[in-house]
Every structure is written in C-alpha cells, then in structure tokens.
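Report on the structure
One letter stands for each residue in the lines below.
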Amino acid sequence: LFRSKAVQAEWKCSIAVRELAGAAPQVGPDAWVKDVKTLLDSHPMAGVVVVEDNRPVGLVMSHSLDRQLGTYFGTALYYERGVERVMDHSPLIVDGATPVEQVAKRAMNRERFKIYDHIIITEEGAFFGVVSVQKMLDALARVQVEVAKGASPLTGMPGGVSLEKEIQRHCSGTRPISFIYVDLDNFKVFNDTYGFEQGDRMILLLGDILRWACRRY
C-alpha cells in the first residue's frame, strides 16, 4: 500500500524552462567556422547559437565542432567556411513557458549524439537563452526532494509543508484564488468497522479520484 514513489512520479516539474535559461554567445549565419572555434576556445562555454533576425536557426556545440574538425580533412574542409556547414540545423528549440519536465523528456529522446546538446529557449519566437541538460536534471532532482519532504507516504500526494508553501505562495500573489477542502465523513468509524487495510484502500481511492478530476477539469 505504501506506493509513494510510484505516485510521486506523477507530480511534474511545472517550473517554466525560462527560469533556468542562461546566456549564450550568438553569431550570425554568415560567421566563419574559424571565428566560432576561436569564440568557443576563449570562453568557458559549450555552445554557440546561430541567430538570424533575432531568431535561432542553428547551434554549434564545442564537442561537435571539435569532432568535425578532428577528421582527416576536417580543418581543410570547414575551417575557413561558413558556420552553416557545421551547425546543427534542427536543434531542440522550445518556448520559455514550457514546463521543465516536458523539455527534459524531449531532450532525452533526441539522437544519441545530440542528447547533451543545449536546448534553445525562445519567447514569441525570438531567442531568449539556452539551458543545459544537466541544469534541467538538477532542477528535477530538487523538485523530487521537495515533493518527498511534503508528500503523504500513503498516496504520494502533497501535504504538510508542501501544502503550506503552496497556499502561502498563492496568498501572497495578486491573482484571485480558491481552495477546495475534501474530507471523508465518519472515517474513524469506517476504519474501526472494516480495519486499517480497507481504510488505506479508501484513502488511495479518494486520491485517485482527486487526481483524475484535476486532470479532467
């Protein structure tokens, strides 16, 4: 009956990915590969975003560029050519409002050689920033820890500290908010009559109904 880990997995990281965004160097599509290589070598960064008219059109990751230049004719073929020859023309680009959990899933479903590439974040189509896979995984791990601290060990639903924090967060804002309080009448009598095992099953059933209703409505 203590299935908290399985149930907690349903609680998603709803933080907007824009909150994890970091700055990234940009170049235009007419930049030369040698200039991008110099930019990457002279700064502690992993990628350069190719931007045209303030919209991302490509991505050059340091490890990918090094792999291409490291081939037998790599330097001769690419070094003094346009960045479009070596950039990823289809990087993962997401809107800043997308939840981190959704972005992480999409990132981990990419081709193996692109799985740790930066994710490009936009706002209304315009370049906003980038986020690394590592930063997203760290954020997801922190959420899991917080959920575990305040979750019911039986249902995995938030309670105690996490509920208090959520109520405080909403009450300190300016948007209208309402709360629904759900209670099981005469639950002690039910427990005394049918036993604690059936009581736990009743609580789990109520939790399942509440989750279903929230998802549907």
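Residues numbered from 1 in each chain as written. Predicted model: local features only at pLDDT ≥ 70, side-chain atom pairs only at ≥ 80, totals over all residues. Heavy atoms only, no water.

A short note on the packing of aromatic side chains
Taken as a whole and assessed by the stated rule, the structure comprises four aromatic pairs. Taken together through their ring pairs, the aromatic side chains of F187, F190 and Y194 make up a single cluster. (Phe/Tyr/Trp six-rings, centres within 6.5 Å; stacked < 30°, edge-to-face > 60°.)

What to know about helix α9 (residues 196–216)
For α9, with 21 residues, the first-to-last C-alpha span of 30 Å sits near the 30 Å given by 1.5 Å per residue. Every buried residue of α9 is listed here: G199, L204, G207 and R211. Seen end-on, α9 carries its buried residues on one side only, within an arc spanning 140°. (Helix = DSSP H or I, 4+ residues; strand = E, 2+ residues; numbered from the N terminus. Expected span 1.5 Å × (residues − 1). Buried < 20%, exposed > 50% of the residue type's maximum accessible area, 1.4 Å probe, protein only. Arc of directions from axis to C-beta.)

Some thoughts on the sheet that holds strand β6 (residues 126–131)
Strand order in the open sheet made by the three strands is β4-β5-β6, with mixed pairing throughout. If you trace the sheet from one side to the other, it starts and ends with β4 (93–95) and β6, each paired once. Between one strand and the next, the sheet's axes are offset by a mean angle of 35°, whatever the strand orientation. By the bridge criterion, five bridges tie strand β5 (residues 119–123) to β6 in an arrangement that is antiparallel. Bridge assignment links E123 to a residue of β6, and that residue is A126. (Pairing = 2+ DSSP bridges. Axes fitted to C-alpha atoms, helices over the stretch in contact; angles between N-to-C directions.)

Comments concerning the sheet that holds strand β3 (residues 55–61)
Overall, mixed pairing links the three strands, which are arranged β1-β2-β3 in an open sheet. Looking at the sheet topology across the chains shown, the edges are occupied by β1 (26–27) and β3. In this structure, strand β2 (residues 47–52) lies alongside β3, joined through six bridges in antiparallel fashion. When the bridges of β3 are listed, V48 appears paired with V60.

Regarding unusual backbone geometry
A positive phi angle, near 55°, is found at E124, a position not held by glycine. Tracing the sequence through the fold places E124 in the loop between β5 and β6.

A closer look at the confidence of the model for the chain
Confidence along the chain averages 84 in pLDDT terms, with 89% of residues attaining 70 or more. Low confidence marks residues 1–11, where pLDDT is under 50. Its contacts with residues over four positions away, or in another chain, come to 26 contacts. (pLDDT = per-residue confidence, 0-100. Contact = heavy atoms within 4.5 Å.)

Some details on helix α5 (residues 100–108)
Listed in full, the buried residues belonging to α5 are V100, E101, V103, A104 and A107. Here the buried residues of α5 occupy an arc of 160° about the axis, which is enough to place them on one side.

Examining the side chain of R110
Its place among the elements puts R110 in the loop between α5 and β5. Of the polar contacts made by the side chain of R110, one reaches the backbone oxygen of A107; its length is 3.0 Å. For R110, the contacting residues outside a window of four places in its chain are L92, I115, Y116, D117, H118, I119 and V133. (Polar contact = N/O pair within 3.5 Å; in protein donor to acceptor, adjacent residues only side chain to side chain.)

Side note on the nonpolar core
Counting residues in hydrophobic clusters, the biggest one holds 15 residues, and the most contacted among them are V17, V94, I119, V131 and M136. Counting residues per element, the ones that place at least two in this core are α5, β5 and α6 (133–150). By size, the runner-up hydrophobic cluster in this structure holds 13 residues, among which are L40, V50, L69 and V83. (Core = buried A, V, L, I, M, F, W, Y, C linked by side-chain atoms within 4.5 Å.)

Some details on the environment of A23
For A23, the position within the fold is in the loop between α1 (4–8) and β1. With a relative accessible area of 82%, A23 lands in the exposed category. In sequence terms A23 and V130 are 107 residues apart; their C-alpha atoms lie 6.4 Å from each other.

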